[in-house]
Amino acid sequence: MPRNLPRLPAIRSAADPEALAEAVRLLRAGALVAFPTETVYGLGGDATDDRVVAAIFAAKGRPRFNPLIAHVPDVAAADRIAVLDARSRVLARRFWPGPLTLVLPRRPAGGVSLLATAGLDTVAVRVPDHPVALALLAAVDRPVAAPSANRSGRVSPTTAAHVAEGLGDRVALVLDGGPCRIGVESTVLDLTGPEPALLRPGGLARGTIEAALGGPLATAAPDPARPAAPGQLASHYAPVRPVRLGARTVAADEALLAFGPRPPEGAAATLNLSPSGDLAEAAANLFAHLRRLDGAAVRAIAVMEIPEYGLGEAINDRLRRAAAPRDDDAPMSQVD
Ligand code: TXA
Ligand code: MG
């Protein structure tokens, strides 16, 4: 049934200095390299080269060109591609490296491909908090565009094996840095307007940013005509099986994605995001558990209720999209 199964890419341990050097060579030569970050694995390519960015979209099978995050090793490198005001500097100093992406005015001379920014005069920038990513970015010495290293509409990868399964040899090399510590993508914050606006909940909790800014964050109203963060659209991170949220009981032909100390009994298979009810642990397990349950021979995946505070906001955001109705004929519904 599966036609043209992609062959597996090379997976090499990021602890091997030669593998890291090879990744740098490949990126500088315009190839695609998957690398670990603290959130999820990224599908990296030279962000200054339109053809490379186009190859990223092709490898993901993205139905349309959404703007990508430019990854850099430090604030100085961010300064070269974007304009940071006082507010951005406060956030950068406080949270970089870390799971916060800032949408900033783009510096035209900064060289980031217009395809990577979808023609916008803004650019999304992030400094990932992972030693492998930082070493790679410093050595490559140019911004690296990196969406999550999964095929469009599929669950984001938190291990090197997930990347290899999903992308096959569409990626030249997968640097293996072990499982991702945070497990959900970065929080995307728009700083180009008068008020900072949360475009995508993610690995840095809203409350932590609000405390640093000293005030509440606006949430960008979803505009289906021109989404600022298309990752916000429905049916994203979709497992193959239907997903049922807010489960208090479970059927014998369902798999259960549990949370907390007292999951209901009777599921065909159960994986617990965090038996102790810890939201950070739950975020780290989210995509890997969803994948494993999706592989079980069940009718559906039932998911227990997750509290909506702290990292729960990002977890629930991803779960709602995993549960959203799908329509394979509607490319807008699966963008990442
Ligand atoms: O954790 C992460 O952020 C991962 C790892 C690999 O770093 N990367 C990631 O990238 O999730 P991606 O391309 O899948 O998500 C980028 C998000 C999308 O929601 C996109 O719409 C938004 O950032 N974005 C990028 N550039 C933007 C811009 N100029 N204006 C508004 N939103 C933008
Ligand atoms: Mg993604």
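This text gives an overview of the structure that appears in the document. (Residues numbered from 1 in each chain as written. Chains lettered and ligands numbered in written order. Predicted model: local features only at pLDDT ≥ 70, side-chain atom pairs only at ≥ 80, totals over all residues. Heavy atoms only, no water.)

## Looking at empty space enclosed by the protein
Under the criterion given, the structure shown has one cavity of 30 Å³ or more. One number sums up the size of the largest cavity: a volume of about 50 Å³. Of the residues that constitute the lining of the largest cavity, the class distribution is six nonpolar, three polar and two charged. Looking at the lining of the largest cavity, you find at least three residues from each of domain 1 (10-219) and domain 2 (243-326). (1 Å grid on protein atoms, 1.4 Å probe; cavity = no way out; pocket = protein on both sides within 12 Å on 5 of 7 lines; lining within 4 Å. Points joined across faces, edges and corners; volume = space filled by probe spheres on them. Nonpolar A, V, L, I, M, F, W, Y, C, P; charged D, E, K, R; others polar. Domains from an automatic or database assignment.)

## What about the layout of surface pockets?
The computed volume of the second largest pocket comes to approximately 460 Å³. In terms of lining residues, the second largest pocket is bounded by 14 residues, among which Arg-154, Glu-165, Gly-166, Val-240 and Arg-291 are the most central. Among the secondary structure elements, those contributing two or more residues to the lining of the second largest pocket are α6 (160-167) and α8 (279-294). Considering only residue class, the lining of the second largest pocket consists of six nonpolar, three polar and five charged. Of the domains in this structure, domain 1 (10-219) and domain 2 (243-326) are the two that each give at least three residues to the lining of the second largest pocket. (Helix = DSSP H or I, 4+ residues; strand = E, 2+ residues; numbered from the N terminus.)

## Description of the sheet that holds strand β14 (residues 269-272)
With parallel pairing, the four strands of this open sheet are ordered in space as β12-β15-β13-β14. Pairing within the sheet leaves two strands with one partner each, and these edge strands are β12 (243-244) and β14. (Pairing = 2+ DSSP bridges.)

## Notes on α6
Those residues of α6 that sit buried are Ala-160, His-162, Val-163, Ala-164 and Leu-167. Summarising the contacts, the buried residues of α6 are in contact with β1 (10-13), β2 (33-35), β3 (42-46), α2 (50-60), β8 (173-176) and α8. In the stretch just after α6, Gly-168 is the one whose phi turns positive, near 55 degrees. (Buried < 20%, exposed > 50% of the residue type's maximum accessible area, 1.4 Å probe, protein only. Contact = heavy atoms within 4.5 Å.)

## Focus on the nonpolar core
Ranked by internal contacts, the top residues of the largest apolar core, which has 45 residues, are Leu-43, Leu-91, Trp-96, Leu-100, Leu-102, Val-125 and Leu-189. Within the residue set of this core, elements represented by two or more residues are α2, α3 (75-81), α4 (86-95), β5 (100-105), β6 (122-126) and α6. Broken down by element, the residue count for this core peaks at five residues, all from α2. Residues within four places of Leu-189 in sequence aside, it is in contact with Leu-91, Leu-100, Thr-101, Leu-102, Val-103, Pro-196, Ala-197, Leu-198, Ile-209 and Leu-217. (Core = buried A, V, L, I, M, F, W, Y, C linked by side-chain atoms within 4.5 Å.)

## Here we look at the packing of α8 against helix α9 (residues 312-323)
Where α8 meets α9, the axes come as close as 9 Å, and the angle between the chain directions of the two elements is 25 degrees. Between α8 and α9, the angle falls in the class roughly parallel. In this structure, the crossing between α8 and α9 has a hand that is left-handed. Residues Leu-279, Ala-282, Ala-283, Leu-286 and Phe-287 of α8 pack against Gly-312, Ile-315, Arg-318 and Leu-319 of α9. Split into classes, the residues belonging to the contact of α8 with α9 amount to seven nonpolar, one polar and one charged. (Axes fitted to C-alpha atoms, helices over the stretch in contact; angles between N-to-C directions. Parallel < 35°, antiparallel > 145°, perpendicular 65-115°, else oblique. Left-handed = near helix turned anticlockwise from the far one by under 90°.)

## Here's the deal with the side chain of Thr-39
With respect to the element layout, Thr-39 can be found in the loop between β2 and β3. A residue is classified by how much of its surface remains accessible, and Thr-39, at 3% relative accessible area, is buried. In this structure the side chain of Thr-39 is engaged in a polar contact, spanning 2.9 Å, whose partner is the side chain of Thr-37. Separated by 3.1 Å, the side chains of Thr-39 and Arg-126 make a polar contact. For Thr-39, the residues in contact, after removing those within four places along its chain, are Pro-99, Arg-126, Thr-158, Cys-180, Ile-182, Gly-183, Val-184, Glu-185 and Ser-186. (Polar contact = N/O pair within 3.5 Å; in protein donor to acceptor, adjacent residues only side chain to side chain.)

## Some remarks on the environment of Glu-308
For Glu-308, the position within the fold is in the loop between β15 (300-303) and α9. Measuring from C-alpha to C-alpha, the distance between Glu-308 and Leu-279 comes to 9.8 Å, with 29 residues separating the pair along the chain. Among the polar contacts made by the side chain of Glu-308, one reaches the side chain of Asn-316 at a distance of 2.8 Å.

## Remarks on the sheet that holds strand β10 (residues 197-200)
Pairing in this open sheet of eleven strands is mixed, and the strands run β1-β8-β2-β3-β7-β4-β6-β5-β9-β10-β11 from one edge to the other. Two strands in the sheet have a free side with no partner beyond their single neighbour: β1 and β11 (218-219). Pairing of β5 with β6 involves four bridges; the strand directions are antiparallel. Across the sheet, the residue bridging to Pro-105 is Thr-122, located in β6. Of the strands in this sheet, β1, β2, β3 and β8 touch helix α1 (residues 17-28), which is tilted by about 140 degrees from β8.

## Concerning the pattern of salt bridges
Going through the model one piece at a time under the given rule, you end up with 20 salt bridges. Residues Asp-16 and Arg-12 are paired through a salt bridge, measuring 3.3 Å at the closest nitrogen-oxygen approach. You can call Arg-12 partly exposed: its relative accessible area is 28%. Between Asp-85 and Arg-87 there is a salt bridge; the shortest N-O distance is 3.6 Å. Of the residues examined, Asp-85 reaches a relative accessible area of 34% and is grouped as partly exposed. Taken together, the salt bridges that share partners define one network made up of Glu-185, Asp-317, Arg-318 and Arg-321. (Salt bridge = Lys/Arg side-chain N within 4 Å of Asp/Glu carboxyl O.)

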